[in-house]
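Geometric and topological summary
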Amino acid sequence: MKLLRLQLSLALILPVFVFAARTPCARAQEAGQTKERDASEEDRHFTLKVLPLLKEKCIACHGSDPEDIKGEFDVRSLESILKGGESEEPGIVLGKPKESMLYNAVTWEDLEMPPKENDRLTPEQCEMVARWIKAGAPWPEESVQDEIRQAEWKVVENEDGVLVSTSGGLSDEWTYRRYAPEDIWAFRPLALEFQHDSIDGFVSAKLDEIGLEAAKPAQAAELVRRAYYGLTGLPPTPFQKSEFVKAYAADPESAYRKLVNKLLGSKHYGERWGQHWLDVVRYADTSGFSNDYERSNAWRYRDYVIRSFNVDKPFNEFIREQLAGDEISPNNPEGIVATGFLRMGPWGTAMIPQKEARQIYLDDLVHNVGQSFLSVPMRCCKCHDHKFDPIPTRDYYRLYSVFAGTQPAEINAAFLAEENKNYFEQNKEQVEELLAYARSELKTVNDKQEAAARKWYQEHDLPYKNQNERKNDPEDMKPPRHVGLTPEEKGVKKVREQDVWIWERRQQRFLPMAQSVYNGPDKKFTNARKLRKDNKADLSWRPQNTILGGGALEAPLAKVGPSCFPSVYGSNVISFGVACC
């Protein structure tokens, strides 16, 4: 487990893209037809087009649960379709699509099935059903279907699209489905030769194609404003603007080159472009959800991102540090701060069972890694194989396994010389003053309450107990919760208790700690507001992970091991000499 996040950080840098046909796996579901015969073209059409369509669009309501078949119409076999449903009308009339209830339902001529607009069959899919009915609704038996699929899976690319190699979906239909090449361009091998030698060439060609002319070159005054806003987010001063206009009049190319180099060297460049990355990873100083507790020293990750842009840090190093900086350089505070990336999502444990809270954190982490580094939202795959991309559920849980031992915590990390600690002492004094005031106000209310509590115990001839000692006593053996306080004072007590917590928490801002992570077994999140590393953790512990049916903890399926990248990228990714998983 110790190296898994490190291996992931390496794998994301140099992915290898591989396409291949896969070998057949499980057999298809049971189907009607009693007579064995050789596969025909219409058998192929049913097996490869119609049957997957019935399973995708119909069987959820009409066959997946034999005890609850909607309208008593079962699509699991030809016999049940011919029988029809509660209306006693046959589902199809052989050879006659327009007289068939099933066809009229999927074309929305009579019934509207599937009922949701987003699930409605396309005209092409309706034509598939019509062709099948015209041919007499052939439904080859299972052995024939298997032969057809096995022959189909040996062909990598045909008129229906391309097969893509993955770790395998939850069904054969998904595993061996075909994709139009243009729909999965992001997963195809990188092109090395292009029609044009620059992006401008592609833009110009498209403008010519649709009959548009490019905008005229910007004038110097416009150009300098665009450069400043684009690279620093700030406008040029009137002096800066006039100086550039003069230089541009003398030598446009030299003036613009010097301007861009100057702005790239500005500290505001990192602030401007770091903002884009912080938006991607959802940076926040608080945890979100209803409690929204403060993340002390989260600013250190923000400043790490800004510094990385300003020093032009290589992107591969930027990735590695954020995913596994604590493991690459465990004694380097910069690496620990960088893994603040793994703490960026909303997180809270209030009113949530322990295991569910843990799953929510890991799910958000997997999704954020996929979205930030791969531009692939992984959360869809938590419950089902991806509907559009070649990313199976298995890949989600293999990546989930990489982070299964990742625990959020506030880790000691010495302040760096380049980190901004200006006004630390003044701000610390202010926080301590406000904390002292809040404690004083709370003490005034508590003292009044405890004086009334002592009186209550005396009146009931019972020994006095303070608030902590009596909290678990029976109601008739202790004073009322807010004994001696007026309604207004009850409100003051609640506010001051919160104030004390807030200012105690803000004292953490001045400690050399970072919002980071460590590897170890799950522990009880006793205080989500203040997380610390478990120094007594069993370092030999290894998590056991499975695919979760429908994303439910209560429905474990096949066991999975860790893998650092989606399988569509290939099975032999090696980066910087480290083989990944």
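Residues numbered from 1 in each chain as written. Predicted model: local features only at pLDDT ≥ 70, side-chain atom pairs only at ≥ 80, totals over all residues. Heavy atoms only, no water.

1. Points about the overall build of the chain
Scanning the chain for helices and strands turns up 20 helices and eight strands. The 581 residues of the chain split such that 44% are buried. Residue pairs at least 24 apart in sequence account for 67% of intrachain contacts in the chain once pairs closer than 6 positions are excluded. (Helix = DSSP H or I, 4+ residues; strand = E, 2+ residues; numbered from the N terminus. Buried < 20%, exposed > 50% of the residue type's maximum accessible area, 1.4 Å probe, protein only. Contact = heavy atoms within 4.5 Å.)

2. Comments concerning the packing of aromatic side chains
The geometry of two aromatic rings is summed up by the distance between their centres and the angle between their planes. A full pass over the atoms with the stated rule returns 24 aromatic pairs. Relative to Phe318, the ring of Phe315 has its centre 6.0 Å away and its plane inclined at 40°; by these criteria the two rings are tilted. Placement of the pair is Phe315 and Phe318 together in helix H14 (residues 315–328), with a separation of three residues, close to one helical turn. Accessibility expressed as a relative area gives 48% for Phe315, which makes it partly exposed. Put simply, the rings of Trp277, Tyr301, Tyr304, Phe309, Phe315, Phe318, Phe341 and Phe373 pair up and form one aromatic cluster. Lying over the aromatic face of Trp108, Arg120 brings its terminal NZ or CZ to 4.3 Å of the ring centre. Over the face of the ring belonging to Tyr464 we find Arg454, whose NZ or CZ atom lies 4.0 Å from the ring centre. (Phe/Tyr/Trp six-rings, centres within 6.5 Å; stacked < 30°, edge-to-face > 60°. Lys NZ or Arg CZ within 6 Å of the ring centre and 35° of its normal.)

3. Considerations on the packing of helix H13 (residues 299–310) against H14
Where H13 contacts H14, the two axes come as close as 11 Å, and the packing angle between them is 165°. Classified by the angle their axes make, H13 and H14 are roughly antiparallel. The interaxial crossing formed by H13 with H14 has right-handed handedness. Touching Tyr301, Tyr304, Val305, Ser308 and Phe309 of H13 are Phe318, Glu321 and Gln322, all from H14. (Axes fitted to C-alpha atoms, helices over the stretch in contact; angles between N-to-C directions. Parallel < 35°, antiparallel > 145°, perpendicular 65-115°, else oblique. Left-handed = near helix turned anticlockwise from the far one by under 90°.)

4. So, helix H9 (residues 220–232)
Look at H9: 18 Å from first C-alpha to last across 13 residues, which is about the 18 Å you get at 1.5 Å a residue. Among the residues of H9, Ala220, Leu223, Val224, Ala227, Tyr228, Leu231 and Thr232 are the ones counted as buried. Down the axis of H9, the smallest arc covering the buried residues is 130°, so these residues share one side. Tucked into the core, H9 has its buried residues touching helix H10 (238–250), helix H11 (252–264) and helix H12 (267–281). Immediately downstream of H9, the backbone of Gly233 shows phi near 80°, a positive value. (Expected span 1.5 Å × (residues − 1). Arc of directions from axis to C-beta.)

5. A look at the packing of H12 against H13
Each pair of packed helices gets described by two things: the angle between the helix axes and the distance between those axes. Two elements in contact, H12 and H13, have axes separated by 8 Å at closest approach and are oriented at 125°. Between H12 and H13, the angle falls in the class oblique. The chirality of how H12 crosses H13 is right-handed. Within the contact between the two elements, H12 uses Lys267, Tyr269, Gly270, Glu271, Trp273, Gly274, Trp277, Leu278 and Val281 and H13 uses Tyr301, Arg302, Val305, Ile306, Phe309 and Asn310.

6. Looking at the nonpolar core
By size, the foremost hydrophobic cluster in this structure holds 65 residues, and its most contacted members are Tyr301, Leu323, Phe341, Leu342 and Phe403. Among the elements that line this core, the one with the most residues is helix H16 (residues 354–374), at seven residues. By size, the runner-up hydrophobic cluster in this structure holds 24 residues, among which are Leu54, Cys58, Phe73 and Ile133. (Core = buried A, V, L, I, M, F, W, Y, C linked by side-chain atoms within 4.5 Å.)

7. Here we look at the environment of Glu450
As for its placement among the helices and strands, Glu450 is situated in helix H18 (residues 424–459). Along the chain, Glu450 and Tyr464 lie 14 residues apart, while their C-alpha atoms are 9.7 Å from each other. Discounting chain neighbours no more than four positions away, the residues touching Glu450 are Tyr464, Lys465, Asn466, Gln467 and Arg470.

8. So, the side chain of Thr47
Structurally, the position occupied by Thr47 is in helix H2 (residues 41–57). For Thr47, the side chain forms a polar contact with the main-chain oxygen of Asp43, separated by 2.9 Å. With near-sequence residues (within four places) excluded, Thr47 lies in contact with Pro52, Pro140, Gln145, Ile148 and Arg149. (Polar contact = N/O pair within 3.5 Å; in protein donor to acceptor, adjacent residues only side chain to side chain.)

9. Overview of the pairing of strand E4 (residues 513–519)
Burial runs high along E4: seven of the seven residues are buried. Of the two faces of E4, the one carrying Met513, Gln515, Val517 and Asn519 and the one carrying Ala514, Ser516 and Tyr518 are both buried. With seven bridges joining them, strand E3 (residues 406–412) and E4 adopt antiparallel strand pairing. Its bridge partner lying in E4, Pro408 is registered against Val517. (Pairing = 2+ DSSP bridges.)

10. Remarks on H16
The end-to-end C-alpha distance of H16 is 30 Å, a good match for the 30 Å that 21 residues give at a rise of 1.5 Å each. When you tally the buried positions in H16, you get 16 out of 21 residues, the bulk of the element.

11. Focus on a negative patch on the surface
Side chains of Glu425, Glu429, Glu432 and Glu433 sit close together on the surface and give a patch of like negative charge. With respect to the helices and strands, Glu433 occurs in helix H18. For Glu433, a relative accessible area of 57% corresponds to the exposed category. (Patch = residues over 30% accessible without salt bridge, like charges linked within 9 Å, V, L, I, M, F, W, Y side chains within 5 Å. Areas by Shrake-Rupley, 256 points an atom, 1.4 Å probe, with all protein chains shown as cover. Salt bridge = Lys/Arg side-chain N within 4 Å of Asp/Glu carboxyl O. Lys, Arg positive; Asp, Glu negative; His and termini not counted. Charge placed at Lys NZ, Arg CZ, Asp CG, Glu CD.)

12. Re the pattern of salt bridges
Throughout the structure, instances matching the rule amount to 34 salt bridges. The partner of Lys493 in a salt bridge is Glu497, and the shortest N-O contact between them spans 3.4 Å. Taken together, the residues span about one helical turn, with Lys493 and Glu497 both in helix H20 (residues 487–506) at a distance of four residues. Residue classification places Glu497 among the partly exposed residues on the basis of a relative accessible area of 38%. With a shortest N-O distance of 2.9 Å, Asp499 and Arg496 are connected by a salt bridge. Here Asp499 and its partner Arg496 are both found in helix H20, three residues apart, which amounts to about one turn of the helix. Considered together, Asp499 and Arg496 belong to a single accessibility category, that of buried residues.

13. Considering the environment of Gly370
On the secondary structure map, Gly370 appears in helix H16. On the basis of relative accessibility, which here comes to 0%, the residue Gly370 falls in the buried class. C-alpha separation for the pair Gly370 and Pro566, spaced 196 residues apart in sequence, amounts to 9.3 Å. Residues within four places of Gly370 in sequence aside, it is in contact with Ser375, Val376 and Met378.

14. Section: the environment of Gln125
Examined against the element boundaries, Gln125 turns out to sit in helix H5 (residues 123–134). What makes Gln125 buried here is its relative accessible area of 17%. Along the backbone, Gln125 and Val106 are 19 residues apart, and their C-alpha atoms lie at a distance of 9.1 Å. With residues near it in sequence (within four places) discarded, Gln125 still touches Leu53, Lys57 and Arg120. Of the polar contacts made by the side chain of Gln125, one reaches the backbone nitrogen of Thr122; its length is 2.9 Å.

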